[in-house]
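# Report on the structure
Given next are the chains, with one letter for each unit.
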Amino acid sequence: MTELLQQVRVINPGLETDQIADVLIADGKIQAVAPQISDINSDTQIKDCRGLVLGTGLVDLYSHSSEPGFEERETLSSLLQGAAAGGFTRVSILPDTSPAIDHPAIVAQLQQRSGEMGNMPHLHVWGAMTLDLAGKQLTELAELAAAGVVGFTDGKPWENLGFVRRVLEYLQPFGKPVAFWPCDRLLSANGVIREGTPALRLGLPPIPASAETTAIASLLELVAATGTPVHIMRVSTARSVELIASAKAAGLPITASTTWMHLLLDTKAIKSYNTSLNLAPPLGNASDVEALRAGVRAGVIDAIAIDHAPYSYEEKVQAFAESPAGAIGFELALPLLWQNLVETGKFTALELWKALSTQPAICLQQKPSAISPDQKAELTLFDPQEIWKVEKKNLHTLSSNTPWLGQELKGRVVKIWV
């Protein structure tokens, strides 16, 4: 099939360009990108794309798959459908399934399942570092690497730094991404909200920023000692951005990401006690949000992750502090980030798209997609003006744990090419 997208706004992070152009796509490949294309076959499907945005396919660094083990929250099929509806062409799932992704057979099973689904986002799988995520015995790392995991992580705070050092030493030869969520369990204790005035007003147990920053400082010391490249997940504090900036300036081999909701909301939003605002790590204070935004724009924070975490209605309908931490995000992230950051002038379209597409791919040691002739068509077509309502019937994901449920949003993905 041949398609001509006429006068679409082409955002191409690889070339650092944002322009209006015609784009010709045939048999899954980009044939031409030009101010105007008139030399086409009679069977070419022509689409007037004025007002629409065409960008490289979005890439998610890490999200939670509820299959296997918790299919009432999300199946692999619904997860990939939701990701496609949100503009994602690559999705990387964390190993905290049940059973955990700690054996090559589970990796093969998930890859086979996704391969049977046809025209869906490419599924990548993080391999667990520890058996059944117990945090005490290493998995067969070489076997998981050979099975094709995208990298290694447990996606949860570590038990002790001795284990972290051992992991860094063992994983160095594999040359795959190694990701950690730095969080001191003793300092975070049973907290659910960032320490500060809003926490006192709301009467919720607080988590100090130092629960994250002391863990990051310790991890950076171990990276300096071992030389093993590391990805730092879920950065959420202003001080963390400073520590990462200093470490990068010193030449440490690190990348970092924050999640999309931490760029949009701060602790004050929790006054509603909506349990979909119970996140791990918790939403930051206003100064944290500004520092994270500046960090993404400057490249200190390499990428924006979705960290999609579906939960059933029954799991989320309880007291805020007792509810499981997490919220859905695949179908909401691009519209809300565009609406709140690009349309308000806080980010350029290129800055946002780079952090959602090119940079996550680089963090995963993958080749980013590009909008150039002879490249495979891995693209996202987005309508920034379409109005739609966030309702269960309008979502592909099986869960609806989001603070935007029932609200109207502006911006929706039209189509992806994978």
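Notes on the structure in this doc start here. (Residues numbered from 1 in each chain as written. Predicted model: local features only at pLDDT ≥ 70, side-chain atom pairs only at ≥ 80, totals over all residues. Heavy atoms only, no water.)

The full count for this structure, using the stated rule, is six aromatic pairs. Geometrically, the ring pair formed by Phe-88 and Phe-330 is edge-to-face, given 5.4 Å between the ring centres and 65° between the ring planes. On the criterion of sequence distance, the pair formed by Phe-88 in strand S7 (residues 88–93) and Phe-330 in the loop between helix H10 (313–316) and helix H11 (333–342) is long-range, its members being 242 residues apart. For Phe-88, a relative accessible area of 1% puts it in the buried group. For Phe-330, a relative accessible area of 2% corresponds to the buried category. (Phe/Tyr/Trp six-rings, centres within 6.5 Å; stacked < 30°, edge-to-face > 60°. Helix = DSSP H or I, 4+ residues; strand = E, 2+ residues; numbered from the N terminus. Buried < 20%, exposed > 50% of the residue type's maximum accessible area, 1.4 Å probe, protein only.)

Turning to the nonpolar core, a few remarks are in order. With 96 residues, the main nonpolar core has Phe-180, Ile-232, Trp-260, Ile-304, Leu-337, Trp-338 and Leu-352 as its most contacted residues. Counting residues per element, this core draws most heavily on H11, at seven residues. In this view, Phe-180 contacts Met-129, Thr-153, Trp-158, Val-164, Val-167, Leu-168, Leu-219, Val-230, His-231, Ile-232 and Met-233; residues no more than four positions away in its chain are not counted. (Core = buried A, V, L, I, M, F, W, Y, C linked by side-chain atoms within 4.5 Å. Contact = heavy atoms within 4.5 Å.)

As a further point, take the sheet that holds strand S13 (residues 230–232). Judged by pairing direction, the sheet is parallel, and its four strands sit side by side in the order S10-S13-S14-S15 without closing on themselves. Either end of the sheet is taken by a strand with one partner, and the two such strands are strand S10 (179–180) and strand S15 (303–305). Both strand S14 (residues 254–259) and S15 contribute to a ladder of three bridges, which runs parallel. Looking at S15, one finds that Thr-258 is bridged to Ile-304. (Pairing = 2+ DSSP bridges.)

Geometrically, the link from Glu-67 to Pro-68 is a cis peptide bond, its omega value of 5° lying close to zero. Among the structural elements, Pro-68 can be located in the loop between strand S6 (58–63) and helix H1 (76–85). Put simply, Ala-280 and Pro-281 share a cis peptide bond, and its omega is 0°. Within the secondary structure layout, Pro-281 lies in the loop between S14 and helix H9 (286–298). Although it is not a glycine, Arg-234 adopts a positive phi angle of roughly 55°. Relative to the helices and strands, Arg-234 resides in the loop between S13 and helix H8 (238–249). Arg-234 sits in the buried class, given a relative accessible area of 2%.

A few words on the pairing of strand S2 (residues 17–26). With nine bridges connecting them, strand S1 (residues 2–12) and S2 associate as antiparallel partners. The partner of Glu-3 across the bridge, within S2, is Ile-25. Joining the antiparallel neighbours S1 and S2 is a turn of four residues, in which Glu-16 adopts a positive phi near 55°. By the bridge criterion, five bridges tie S2 to strand S3 (residues 29–34) in an arrangement that is antiparallel. Opposite Leu-24, over in S3, you have Ala-32 as the bridge partner.

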